[in-house]
Amino acid sequence: SKRDNLPPGPGGNRLSIGPYAYRRFHEWSKEYGPVFSLKHGSKLIVVIASYQAAIDIMQKHGSELADRPRSVAAGEIFSGDMRTLLVGAGERLKKLRRALHSQLQSTTAQQYGSLQYRNAKNYVRNMLSDPEHHLDHGRTYAASVILELTYSKTTPTKYADKEVQDVMKNVNRMFAALKIGAYIVDTFPFLKYIPLGGVSELRRFHKEELGLFKSQLNSAREKLSQSIAQPSFATYLLENQGQYDLSNDELAYLAGSMFGAGSDTTASGLGIITMAAATHPEELKKVQSQIDAVVGRDRLPNYDDEPLLSRVTAFVLEAHRWRPIAPQGFAHRAMKDVIWKDVVIPKGAIVYGNHWSIMHDPEVFPEPDSFRPDHWLNEEGEVRDDLKHFDFGFGRRVCPGQYVAERSLFINTALIFWAFNIHEDPNSPIDTTAFTDASVVHPLPFAVKIVPRIKNLRELLDADTD
Ligand code: HEM
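Note that the coordinates shown come from a computational prediction; the quantities given were computed from them, not determined experimentally.

Participant: Describe the nonpolar core, with residues and values.
Facilitator: Of all hydrophobic cores here, the largest spans 107 residues; its most connected members are Leu237, Phe417, Trp418, Phe420 and Ile422. Grouped together as the second largest cluster of nonpolar side chains are 28 residues, Val35, Ala54, Ile55 and Ala314 included.

Participant: Account for the pattern of salt bridges, with residues named and values stated.
Facilitator: On inspection of all chains with the given rule, the structure shows 26 salt bridges. Glu283 is paired through a salt bridge with Lys286; the nearest N and O atoms lie 3.3 Å apart. Note that Glu283 and Lys286 are positioned in helix α13 (residues 281-294) at a spacing of three residues, about one turn of the helix. The exposure class assigned to Lys286 is partly exposed, which follows from its relative accessible area of 33%. Of the charged contacts, one joins Arg297 and Asp292 as a salt bridge, the two residues approaching to 3.0 Å between their closest N and O atoms. Members of the salt-bridge network, linked through shared partners, are Arg70, Glu76 and Lys192.

Participant: Could you give an account of the sheet that holds strand β6 (residues 350-353), naming the residues involved and the relevant values?
Facilitator: One key point about sheets: their strands pair by backbone hydrogen bonds, in either a parallel or an antiparallel sense. With respect to topology, four strands assemble into an open sheet ordered β1-β2-β6-β3, the strand pairing being mixed. Strand pairing shows two members of the sheet lacking a second neighbour, β1 (35-40) and β3 (332-333), which therefore form its edges. Here four bridges tie strand β2 (residues 43-48) to β6, and the two strands are oriented parallel to one another. In the sheet register, Ile48 faces β6, and the bridge partner there is Gly353. Strand contacts of helix α1 (residues 21-32): β1, β2 and β6, with the helix running at about 120 degrees to β1, the strand carrying the most contacts. Sheet strands touched by helix α2 (residues 51-59): β1, β2, β3 and β6. Its angle to β2, the strand with the most contacts, is close to 130 degrees.

Participant: Could you give me a rundown of the coordination of the iron atom of the ligand, with the residues and numbers involved?
Facilitator: Ideal geometry at a metal centre gives angles of 109.5 degrees when four donors are arranged tetrahedrally and 90 or 180 degrees when six donors are arranged octahedrally. Protein coordination of the iron atom of the ligand is limited to a single donor, Cys399 (SG), which sits 2.3 Å from the metal. Within the secondary structure, Cys399 is located in the loop between α15 (355-358) and α16 (402-419).

Participant: Quick one: what's the story with helix α7 (residues 134-151), residue by residue and with numbers?
Facilitator: In a regular helix each residue adds 1.5 Å, so 18 residues correspond to 26 Å; α7 covers 26 Å between its end C-alpha atoms and thus fits that length. With 16 of its 18 residues buried, α7 lies for the most part within the structure. Phi turns positive one or two residues past the end of α7, at Ser152, with a value near 50 degrees.

Participant: For the packing of aromatic side chains, give the residues involved together with the corresponding values.
Facilitator: As enumerated under the stated definition, the model contains 19 aromatic pairs in all. Arranged with centres 5.6 Å apart and planes meeting at 35 degrees, the rings of Phe365 and Trp376 form a pair that is tilted. Within this pair, whereas Phe365 is found in the loop between α15 and α16, its partner Trp376 is found in the loop between α15 and α16, the two being separated by eleven residues in sequence. Neither Phe365 nor Trp376 differs from the other in exposure class; each is buried.

Participant: How would you summarise helix α9 (residues 197-225) if you had to cite specific residues and measurements?
Facilitator: An ideal rise of 1.5 Å per residue puts 42 Å on 29 residues; α9 measures up with 42 Å between its terminal C-alpha atoms. What α9 keeps buried is the set Val199, Leu202, Phe205, His206, Glu209, Leu210, Leu212, Phe213, Gln216, Leu217 and Ala220. Buried residues along α9 sit in contact with α3 (72-78), α7, α8 (162-178), α10 (233-239) and α12 (248-279). One or two residues past the end of α9 sits Ser227, with phi positive at roughly 55 degrees.

Participant: Quick rundown of the packing of helix α6 (residues 113-129) against α16? Include the residues and the values.
Facilitator: Axis separation between α6 and α16 bottoms out at 9 Å; the angle between their running directions is 40 degrees. Classified by the angle between their axes, α6 and α16 sit oblique to one another. Read as a crossing pair, α6 and α16 show a hand that is right-handed. Contact with α6, carried on its side by Gly113, Gln116, Tyr117, Ala120, Lys121, Tyr123, Val124 and Met127, involves Val404, Arg407, Ser408, Ile411, Asn412, Leu415, Ile416 and Ala419 of α16 and no other residues of that element. Within the contact of α6 with α16, the residues separate by chemical class into ten nonpolar, four polar and two charged.

Rules used in this analysis
- Residues numbered from 1 in each chain as written.
- Predicted model: local features only at pLDDT ≥ 70, side-chain atom pairs only at ≥ 80, totals over all residues.
- Heavy atoms only, no water.
- Core = buried A, V, L, I, M, F, W, Y, C linked by side-chain atoms within 4.5 Å.
- Buried < 20%, exposed > 50% of the residue type's maximum accessible area, 1.4 Å probe, protein only.
- Salt bridge = Lys/Arg side-chain N within 4 Å of Asp/Glu carboxyl O.
- Helix = DSSP H or I, 4+ residues; strand = E, 2+ residues; numbered from the N terminus.
- Pairing = 2+ DSSP bridges.
- Contact = heavy atoms within 4.5 Å.
- Axes fitted to C-alpha atoms, helices over the stretch in contact; angles between N-to-C directions.
- Donors = N, O, S within 2.8 Å, 3.2 Å for Na, K, Ca; no water.
- Expected span 1.5 Å × (residues − 1).
- Phe/Tyr/Trp six-rings, centres within 6.5 Å; stacked < 30°, edge-to-face > 60°.
- Parallel < 35°, antiparallel > 145°, perpendicular 65-115°, else oblique.
- Left-handed = near helix turned anticlockwise from the far one by under 90°.
- Nonpolar A, V, L, I, M, F, W, Y, C, P; charged D, E, K, R; others polar.

Here is the structure:
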């Protein structure tokens, strides 16, 4: 019977998993194995915690796991059930993902190359003039790229800008609402129809966020009507609204929520790369030797160099294996019973692919706590295509922005490693385990020394017209 064959687990009713759930899950996986379960209130959570189990379950059963658990507070009320990340499996999800895919898939992603490159050069300039605030510069890069890609905003963006802060306020509210136990309406969904207390607050937040997304979209719409709009995700959606059968509100949300999904994640990824470089000087040197051999020091690296800069790609992959950006992964929901070996993941279970455990699996990544970009290279020194990286999630819900994100991470890493040596400051050693506790984690502020290694760096940056 299903009940007899549930994955093993710690027992009891685990109403709270405590802080840093992905670390707790990792500890439990050592005790209960790569697929374990726990009771959480009236729900069952199943955690997938090894590389092979991730392939067997999260990938091979991707269509049965395409759903999300019901999220009344953050998904249905706060996001009006329109935020792709939280929408359950069904027709709406299909059309939202179809529209996202059309503009973000691997070949289309290349069209953003020049805007990513231009902004990556600004990242280098900011690191040069103000190395102390290196994490903020990553945030500025990520915010600028998303706003330009989504709304063709070309005026300089700073993370402190009101528009960015307004969007972030709502993103933070949404993630706070998603936290287990944040709103009682998640336990008693019928309260959704009684606009008191938390529910009326959530409705107010939704109105505010929708208003913000609509005003961002209106400026793109105005530019389009005056024929001065640069192509962007928003203008594409406005011109093809009928084809994707999107209501006005769905369209505003689809464009608006790109920022929450794509900006914070990319900024975190850049911060982790700086942390990994500063704490692994010998690995940084290996990448720089390859960059020197392929690019030299008289011109900037660019996307055309990518096939020969396998060590840049391997460094990025390893940085986010070592310190995943979304270490717990996002919750999926089983739409059918899924059988794995002798256990059943029953229909309705909440399923987490715990990115941290999957990418610290010693069977696949020996000595998983050490930082070894060579995991990702074959004997010819090329990037391995037989090894999967799971920080972008799984199956039908895999991150649709993955190609854009990978191109951002590649070009910034290539430019920064070409331009600078990055050292740990002996007076303030870096704690490589100090991260925020959230769905998307960020390194806590840390000091680094960023020293130019190219003589005429500023001139080369200014002379480069790509
Ligand atoms: C390094 C950067 C990024 C990381 C690590 C990341 C990671 C993720 C993860 C783990 C998921 C959930 C996958 C799952 O449920 O299994 C996701 C979903 C999503 N991501 Fe990303 N992401 C990144 C950048 C981006 C960018 C740049 C965009 C947009 C341009 C984007 C758009 C989205 C959207 C719309 C979803 C929701 C998809 C769904 O639920 O069906 N992401 N991302």
